Structures are given as C-alpha cells and as structure tokens.
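For reference, the chains in residue letters:
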Amino acid sequence: SAELYETVTGDVVITDQAPPMLSLSFLKQVGGKLSIVDASLTKDASFPKLEAIAGDLEAKSNDALEGLKLPVLVSVGGAVNLDKLPVLKLLTLPILETIGARLSVTSVDKLKSLTFNNITALTDDLIIRKAAKLQHVHMTALETVSGSVWLSQLTELKTLNVGLLNDVGGRLEITHIPKLL
C-alpha cells in the first residue's frame, strides 16, 4: 500500500493526472525534487509529514492550485520555485529553515502574504515579482542573500520585513512597488 512509503529516494512528480484534493500524508522525505507542474485538476496539495526535500520544490503552471501546505518541511536542498499559480491563496511553510539554492515566487496573483521567518541565508537569488495581491512579505531572520535580490511588480505590497538583511552578494533591485516606496 502507498501508506508504507515514507521516503522516496528519487523525484515526486505530480502532473495533470493528480486528483483535486491531493494529500500525501505518509511522505516524510524526498530524495530528489518535489514537482507539481501542469497539475490542472489539483486545487489543494498537502504534505502534512514531509520534513525534507533533497532537490527542488517546484509548483508551476497550475491554474487550479489554491493551497500548498507543507507544515513540517524544514529543508529544501535545491531551489524553491513557485511560478504561474494564478489562484494560489494559501502557502504554508511555517518552519522552513534551509533553501539550498534560489527562492523564486513569481506570477502568483492571489497570494496575499509570504512568510519565511526561519530562513537566515540564501545561497542564491531571492526573486519575488508579479504578485498582484501580495501585501506582506516576512523574512524576519534573513541575514544574507549570496546572489541577487529582485523585488518587482508588487503593486499591493505594504510590508517588507527583512529586518536583519545585511549582506547581498549580487544586485539589489526593487521596482514597481508603489505602496512601499
């Protein structure tokens, strides 16, 4: 039975054949990437026991995904890429501490708040752009971004809390954020 699989040593790929309410409640570790791509039927993806992803976490090109819940995820060894999720309203990653590469959140039209309060450093770029309803970004422990920081086209952003950020290794670009600047 599928409930016996707590660890997948390779990738977990969810595509257009996944059900509308997807919960992999047994999964604790992914040795490769976790990918939710073109899963046009999946409205809610929940991974209540997933603690670690060795590769990337990606959700992209999904017109139906409203909620992505990873309540006990602590570590992503690769990048976190969330892109082209026009109805995503809920992103739950409350204890995520480590991202091994880029953090990119783009084209998420309905998301109002983005919180990564346990991340102290990013070894690559931080990109947040094209988030029409995003009002609050909280990354209160972030001190270092080894790559560049791109924040743009965030027309409703009122709060940008990166109070400890003191080192950006690349470019710092903040554009088209009328309510913040």
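Values in this document were obtained by computation on a predicted structure and should not be read as measured data. (Residues numbered from 1 in each chain as written. Predicted model: local features only at pLDDT ≥ 70, side-chain atom pairs only at ≥ 80, totals over all residues. Heavy atoms only, no water.)

## A look at the sheet that holds strand β7 (residues 52–53)
And then number 1: The five strands are arranged β1-β4-β7-β10-β13 in an open sheet whose pairing can be described as parallel. Looking along the sheet, the strands with just one partner apiece sit at the ends: β1 (7–8) and β13 (98–99).
And then number 2: Sheet analysis places strand β10 (residues 75–76) next to β13, joined by two bridges and oriented parallel. Residue S75 lies in a different strand from β13, and its bridge partner there is T98. (Pairing = 2+ DSSP bridges. Helix = DSSP H or I, 4+ residues; strand = E, 2+ residues; numbered from the N terminus.)

## Here we look at the environment of L65
And then number 1: As for its position among the elements, L65 is in the loop between β8 (57–60) and β9 (67–69).
And then number 2: Expressed as a C-alpha distance, the spacing of L65 and S40, which sit 25 residues apart in the sequence, is 7.5 Å.
And then number 3: In this structure, L65 is in contact with T42, K43, D44, A45, A59, L85, V87 and L88, ignoring residues within four places of it in sequence. (Contact = heavy atoms within 4.5 Å.)

## Notes on the side chain of S152
And then number 1: Tracing the chain through its elements places S152 in strand β20 (residues 149–152).
And then number 2: By relative accessible area, which is 11% here, S152 ends up buried.
And then number 3: If we ignore the near neighbours within four places in the chain, the residues touching S152 are I128, R129, K130, T175 and H176. (Buried < 20%, exposed > 50% of the residue type's maximum accessible area, 1.4 Å probe, protein only.)

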